Amino acid sequence: MTQSIPRSSTAPVPGRGSALTLPRDCDVCIIGDDVAGLLMACDLAARGLEVVLFPTPGDVPALGLDAALAPGFRLPAAELLERLGPGDAAEAYRLSVEAVRRGLLLAQKAGVPLGPKGRLAVARPAAVGLLAAEHAAVEVLAPETSVLVGAEDVAALLGVATFAAALGLAPAHRLDAAAFRAVLGAAAAEGEITLMPQVTALAVDVHGLRKYVTAPRLKVRAYQLVFSGGAALRRVAPELVPSLVPTPWVAGRFHLPGAQVAYAGLVEEVGGTGLRWHWDQDRLALAAETATLVRGRGAATRVLRRHGAALAPPMGAAVGQTARGVMLAPARRGMPLIQEGEKGVWYCATDGQDLAHGLMGADLICRAIADRDDRIRLFSPFGLEPAGTRPPSRWSRMAGYWRRRFKAAFEAQTEPGSAPLSPHGAPEVAAHGHAGRALSLSQRAVRAATALAFPTAQPPSRE
């Protein structure tokens, strides 16, 4: 994949007359210029196929956090084992690890700066069992790629005593998805790819040997059609509507003068509705799921301050820099939707925050089209919902959100004595101490950060 970005000074670019020829035939038409779509276009063109690429119709939602270039899936590893069996589950997990290594190598070659190492899942006392179960299942799928961190180390790393345990995965990095996408977009503009102008409406006919994509004054015929992206695909691919669940989030950035946090990797809370965040010295980027879409910067800032109090107690003194509501549409089954629907119609639906999923989907679809590689079958149990499935209503989504919130609050009250875990999975009795002590960069914090960086992990694959 790393050598699949062709460059040519004679290729068409968006808006030029050559990109508006009517009608146009091609081997593959890709709808969606997210990371996966751009990477597929470059790779397939390098294999000698004629590729037409339509930009993602409409705005591309983003949380404003760095993306996670890390292995694994939203679906718990134990459920992955149950659904696929040990052999296929291990293969699917291995594909995510290889996608991370491929992404790291591609970013390095393209000159995209890598963010700090590490992705950390944290849990409050009532949800510690979820992390212990996840650690045990990941050890079955990919031994020595995860580490369980105890309460004292978590407090030293994050500067608060809110969380009782954490699980780190490797290899993992923060990565600026916008910068990565820009590099791929520049490569596509210079390569042997026909880039279509941005349009607000597309009509798609996926039936028959040839697929048709129609826009004002433009029609494209292709033998293969690929939908790549997230929430925006619901507008052009109605068959995706039951499978992608609109989920409101609120996201923003704050400046907390004087804050000192040892861990700069990505952090995500498990249990309840969860939070996602990362620190850049004394600046906090934070996102949280909400029941309904939050409108207006002031309202978004207030919601984030409430959530952020668990991460940085002096949130009242935080200077809000940006805050807004965002609507994402993750796949309904907790896995990236990577699948062939009708013959010659392919889907790679991700929310953009887990960058490895897009890289993995691009590779699997390219190999299925060009090499007839059938490993994409591993994800068929998590593909499109059956025809006739009704999408979840707005009210059912809201009810599900509040059920999770109330359950997390109830468990926190009824299990106040839940013992946090040591790094070896045994109960740890030591008190957290207060947050001020945790802010110091102790030797314990340094040891924990070193463990999370996995110095024994394999370097990125050069395949």
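Sequence order sets the numbering: in each chain, residues are counted from 1 along the sequence as written. Only residues with pLDDT of at least 70 are given local features in this predicted model, and only at 80 or more are side-chain atom pairs given and counted; all residues enter the totals for whole chains, interfaces and linings. The basis for every side-chain value is the complete set of heavy atoms in the structure, and neither hydrogens nor water enter the calculation.

S.K.: Would you mind going over the packing of helix α1 (residues 35–46) against helix α7 (residues 355–371) with me for this structure?
M.R.: Geometrically, a packed helix pair is captured by the angle between its two axes and the distance between the axes. Lines fitted to the C-alpha atoms define the axes, with helices restricted to the stretch that makes contact. Angles between their N-to-C directions range from 0 to 180 degrees. Strands are runs of DSSP state E lasting at least two residues, helices are runs of H or I lasting at least four, and both sets are numbered from the N terminus onward. Contact geometry for α1 and α7: axes closest at 8 Å, N-to-C directions at 30 degrees. Taken together, the axis directions place α1 and α7 in an arrangement best described as roughly parallel. Where α1 crosses over α7, the handedness of that crossing is right-handed. Residue-level contacts link V35, A36, L39, M40, D43 and L44 of α1 to L355, G358, L359, A362, I365, C366 and I369 of α7. Classification used: nonpolar for Ala, Val, Leu, Ile, Met, Phe, Trp, Tyr, Cys and Pro, charged for Asp, Glu, Lys and Arg, polar for all others including Gly. Here the residues of the contact of α1 with α7 sort into eleven nonpolar, one polar and one charged. In these notes the angle categories are as follows: under 35 degrees is roughly parallel, over 145 is roughly antiparallel, 65 to 115 is roughly perpendicular, and the rest is oblique. With the far helix as reference, a near helix turned anticlockwise by less than a right angle produces a left-handed crossing, and one turned clockwise produces a right-handed crossing. Any pair of residues with heavy atoms lying within 4.5 Å of one another is described as a contacting pair.

S.K.: Whenever I open this one, helix α5 (residues 177–190) confuses me. Can you help?
M.R.: Residues three or four positions apart in an α-helix share a direction because the helix packs 3.6 residues into each turn. Here α5 is 14 residues long and its end C-alpha atoms lie 20 Å apart, about the 20 Å a rise of 1.5 Å per residue gives. Those residues of α5 that fall on the buried side of the exposure criterion are F180, L184, A187, A188 and A189. The N-capping residue of α5, defined by a side-chain oxygen 3.0 Å from the backbone nitrogen of A178, is D176. The span you would expect from a helix comes to 1.5 Å times its residue count less one. Each residue gets one of three labels from its accessible area relative to the maximum for its type: buried under 20%, exposed over 50%, partly exposed in between, using a 1.4 Å probe on protein chains only. Any pair of nitrogen or oxygen atoms within 3.5 Å is treated as a polar contact; in protein, a donor-acceptor pairing is required on top of that, and neighbouring residues in sequence qualify only through side-chain atoms on both sides.

S.K.: What am I meant to see in the nonpolar core here?
M.R.: One broad trend across soluble globular proteins is that nonpolar side chains are buried collectively. If you look at the biggest cluster of nonpolar residues, it comprises 64 residues, and the most contacted ones within it are I30, M40, L80, F180, I193, I365 and F379. A total of 14 residues in this core trace back to one element, the largest contributor, which is helix α2 (residues 77–110). Other than its neighbours up to four places away in sequence, I365 contacts M40, V226, I338, W346, Y347, C348 and I376. Residue types Ala, Val, Leu, Ile, Met, Phe, Trp, Tyr and Cys, when buried and joined through side-chain atoms within 4.5 Å, form a set referred to as a nonpolar core. By size, the runner-up hydrophobic cluster in this structure holds 31 residues, among which are V250, Y263, A288 and L311.

S.K.: How should the environment of L131 be read in this particular structure?
M.R.: Among the secondary structure elements, L131 is positioned in helix α3 (residues 128–141). Residues L131 and P76 lie 55 residues apart in sequence; the distance between their C-alpha atoms is 9.6 Å. With near-sequence residues (within four places) excluded, L131 lies in contact with A121, V122, A123, L148, A165, A166, L167 and V270.

S.K.: Honestly, the pattern of salt bridges in this entry has me stumped. Any pointers?
M.R.: A side chain of one charge can pair with a side chain of the opposite charge if their charged atoms are brought near each other. We define a salt bridge as a side-chain nitrogen of Lys or Arg found within 4 Å of a carboxyl oxygen belonging to Asp or Glu. Taken as a whole and judged by the stated rule, the model has 24 salt bridges. The partner of R24 in a salt bridge is E50, and the shortest N-O contact between them spans 3.3 Å. Placement of R24 in strand β1 (residues 24–31) and of E50 in the loop between α1 and β2 (51–54) is noted, with a sequence separation of 26 residues between them. For E50, a relative accessible area of 34% gives the class partly exposed. Of the charged contacts in the structure, one is a salt bridge between D354 and R74, with a shortest N-O distance of 3.0 Å. Of the two residues, D354 sits in the loop between β17 (345–349) and α7 while R74 sits in the loop between β3 (67–69) and α2, which places them 280 residues apart along the sequence. With relative accessibility at 6%, the residue D354 sits in the buried group. With relative accessibility at 31%, the residue R74 sits in the partly exposed group.

S.K.: Teacher, can you tell me more about the packing of α2 against α3 here?
M.R.: Orientation of α2 relative to α3, taken along the N-to-C sense of each, is 25 degrees, at an axis distance of 9 Å. Classed by the angle they form, the pair α2 and α3 counts as roughly parallel. Handedness of the α2/α3 crossing: right-handed. Where α2 abuts α3, its residues A77, A78, L80, L81, A89, A90 and Y93 lie against E134, A137, V138, V140 and L141. Classifying every residue of the contact of α2 with α3 gives eleven nonpolar, no polar and one charged.

S.K.: Could you clarify how one ought to interpret the side chain of D351 in this entry?
M.R.: Among the secondary structure elements, D351 is positioned in the loop between β17 and α7. Charge counting follows a simple rule: Lys and Arg are positive, Asp and Glu are negative, and His as well as the terminal groups are ignored. The buried charged residue D351 lacks any salt bridge partner; its closest oppositely charged side chain belongs to R276, at an N-O distance of 4.2 Å. Not counting residues up to four positions away in its chain, the partners in contact with D351 are R276 and P330.

S.K.: Sorry, what's going on with the packing of aromatic side chains here?
M.R.: When we look at a pair of aromatic rings, we describe it by the centre distance and by the angle of the planes. Each Phe, Tyr or Trp ring (for Trp, its six-membered ring) is paired with any other whose centre lies within 6.5 Å, and the angle between the two planes then decides the class: stacked below 30 degrees, edge-to-face above 60, tilted in between. Enumeration according to the criterion identifies five aromatic pairs in this entry. A ring pair is formed by F73 and F379, whose centres lie 6.1 Å apart and whose planes are at 65 degrees; its orientation type is edge-to-face. In this pair, F73 sits in the loop between β3 and α2 while F379 sits in the loop between α7 and α8 (394–414), placing the two residues 306 residues apart along the sequence. A relative accessible area of 12% means that F73 is categorised as buried. Among the residues examined, F379 registers a relative accessible area of 0% and is labelled buried.

S.K.: Sorry if this is basic, but what is going on with the side chain of H173 here?
M.R.: With respect to the secondary-structure elements, H173 resides in strand β6 (residues 165–175). Here H173 falls in the buried class, since its relative accessible area comes to 11%. Here the side chain of H173 touches G115 through a polar contact of 3.1 Å, landing on its backbone oxygen. Beyond its immediate chain neighbours, meaning those up to four positions away, H173 contacts A67, A68, L69, L104, L114, G115, P116, K117, G118 and L266.

S.K.: Any chance you could explain the pairing of strand β12 (residues 266–269) here in plain terms?
M.R.: Within a regular strand, side chains alternate between the sheet's two faces. Neither face of β12 is open: one carries L266 and E268, the other V267 and E269, and all of them are buried. Strands qualify as paired when DSSP identifies two bridges or more between them. Alignment of strand β4 (residues 114–123) against β12, held across four bridges, turns out to be parallel. Bridge assignment links V122 to a residue of β12, and that residue is E269. Bridge count for β12 against strand β13 (residues 275–280) is two bridges, and the pairing is antiparallel. Counterpart to V267 in the pairing with β13 is W277. Here β12 folds back onto β13, and the loop between the two strands holds five residues, one of which, G271, carries a positive phi near 85 degrees.

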